[in-house]
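What follows is each chain in one-letter form.
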Amino acid sequence: MKNILSLNKIQLSKIFLWIPTFQEQVKKTQHHSPKQRLRIASEQLGNNTLETSLAIINDLEQIAHNHPQYHWIIIDILTTFIRKNAPYIPQEEVASNLSTKVRVDIQAALTVIARRDANKDPENEQLDLSYTNMRGANLNGAKLEQANLYQANLAGANLREANVAGAILSAANLEGANLYLANLEGAILSAANLERANLERANLRRASLYLAGLHGAILNDAILDGANLRETKFSE
């Protein structure tokens, strides 16, 4: 499970206590065909215990690895799970605590999505994580190019060296997010909240920052060539 999760030590210690349960859950489905396992995953993911959800997410990643024809079906199952179980909460209703972390099973699903083989994504499909609450998520090096992250809450998230090129981040909350060396080329960040975000050495070439708020943001060595900075707010 260390391979699927990027968590703090307390969370990891809890996961290790659950490993026997994970193994038992996985054994129950291993004799099924990939299609049967996908059906079980669709029906049970998010509707059982945390241990079961983590076992299912782990199994889904293994199916995607061993059976590439199911790659996008699995990504769709995971993004649907996240949208359903971590819905967007209006910013005014959320306490401004940037140390808040996402649920363990949501982080596990995000980790699988973030490190998937993006070359297997169908050309006519888009990763949809819009209207989601991913505060404090670890998306270090995530592959999120062209993703729909409209009005996603990514406050305090770790997006260090993430590839978010061409992504839709309009009205997204990226307050205090770490975007060091992130690739945001051509990304749409209109009306996004980037207050106190770390954009050091980030690639914002041709990105749209129309009406975006960058109060206190770190922009050291950021690439802004061709970026739309119309009505961008850099100070209070």
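For the structure, see preceding data.
Read on for a plain summary of the structure. Every value quoted in this text rests on a predicted model; they were computed, and no experiment measured them.

### Brief notes about unusual backbone geometry
Step number 1: The phi torsion at alanine 191 lies on the positive side, around 60°, for a residue other than glycine.
Step number 2: One can find alanine 191 in the segment after helix H5 (104-114).
Step number 3: With relative accessibility at 44%, the residue alanine 191 sits in the partly exposed group.
Step number 4: If you check the backbone angles, aspartate 221 has positive phi at about 60° while not being a glycine.

### Examining the pattern of salt bridges
Step number 1: All told, the structure shown has 11 salt bridges when counted by the stated rule.
Step number 2: We note a salt bridge from aspartate 121 to arginine 116, for which the minimum N-O separation is 2.7 Å.
Step number 3: Residue class for arginine 116 comes out buried when judged on its relative accessible area of 6%.
Step number 4: Two residues, glutamate 185 and arginine 206, come together in a salt bridge whose shortest N-O distance is 2.5 Å. Remark: arginine 206 occurs in the segment after H5 and glutamate 185 occurs in the segment after H5; sequence separation between them is 21 residues.
Step number 5: For glutamate 185, a relative accessible area of 22% gives the class partly exposed.
Step number 6: Ionic contacts of the salt-bridge type, sharing partners, join the residues Glu175, Glu195 and Arg196 into one network.

### What about the packing of helix H3 (residues 50-66) against helix H4 (residues 71-85)?
Step number 1: Across the interface, H3 lies against H4 with an axial gap of 10 Å and an inter-helix angle of 155°. The angle between H3 and H4 falls in the class roughly antiparallel. When the axes of H3 and H4 are compared, the crossing they make is left-handed. Each of Ile57, Leu60, Ile63 and Ala64 in H3 lies in contact with H4, whose residues at this interface are Ile74, Ile77, Leu78 and Phe81.
Step number 2: For the contact of H3 with H4, the per-class residue count stands at 8 nonpolar, no polar and no charged.

### A few points about the packing of aromatic side chains
Step number 1: Inspection of the entire model under this criterion finds 1 aromatic pair.
Step number 2: Taken together, a centroid distance of 5.4 Å and an interplanar angle of 70° make the contact between tyrosine 131 and tyrosine 150 edge-to-face. Of this pair, tyrosine 131 sits in the segment after H5 while tyrosine 150 sits in the segment after H5; the two residues are 19 residues apart in sequence, bridging distant segments of the chain.
Step number 3: Classification of tyrosine 150 by relative accessible area gives partly exposed; the value is 30%.

### Some remarks on the nonpolar core
Step number 1: Leu169, Leu184 and Leu189 are the most contacted members of the largest nonpolar core, which has 63 residues in total.
Step number 2: Elements with a minimum of two residues in this core: helix H2 (34-44), H3, H4 and H5.
Step number 3: In terms of residue count, H5 provides more of this core than any other element does, 8 residues in total.
Step number 4: Contact partners of leucine 189, with chain neighbours within four places excluded, come to Leu169, Leu174, Leu184, Leu194, Leu204, Ser208, Leu209, Tyr210 and Ala212.

Rules used in this analysis
- Residues numbered from 1 in each chain as written.
- Predicted model: local features only at pLDDT ≥ 70, side-chain atom pairs only at ≥ 80, totals over all residues.
- Heavy atoms only, no water.
- Helix = DSSP H or I, 4+ residues; strand = E, 2+ residues; numbered from the N terminus.
- Buried < 20%, exposed > 50% of the residue type's maximum accessible area, 1.4 Å probe, protein only.
- Salt bridge = Lys/Arg side-chain N within 4 Å of Asp/Glu carboxyl O.
- Axes fitted to C-alpha atoms, helices over the stretch in contact; angles between N-to-C directions.
- Parallel < 35°, antiparallel > 145°, perpendicular 65-115°, else oblique.
- Left-handed = near helix turned anticlockwise from the far one by under 90°.
- Contact = heavy atoms within 4.5 Å.
- Nonpolar A, V, L, I, M, F, W, Y, C, P; charged D, E, K, R; others polar.
- Phe/Tyr/Trp six-rings, centres within 6.5 Å; stacked < 30°, edge-to-face > 60°.
- Core = buried A, V, L, I, M, F, W, Y, C linked by side-chain atoms within 4.5 Å.

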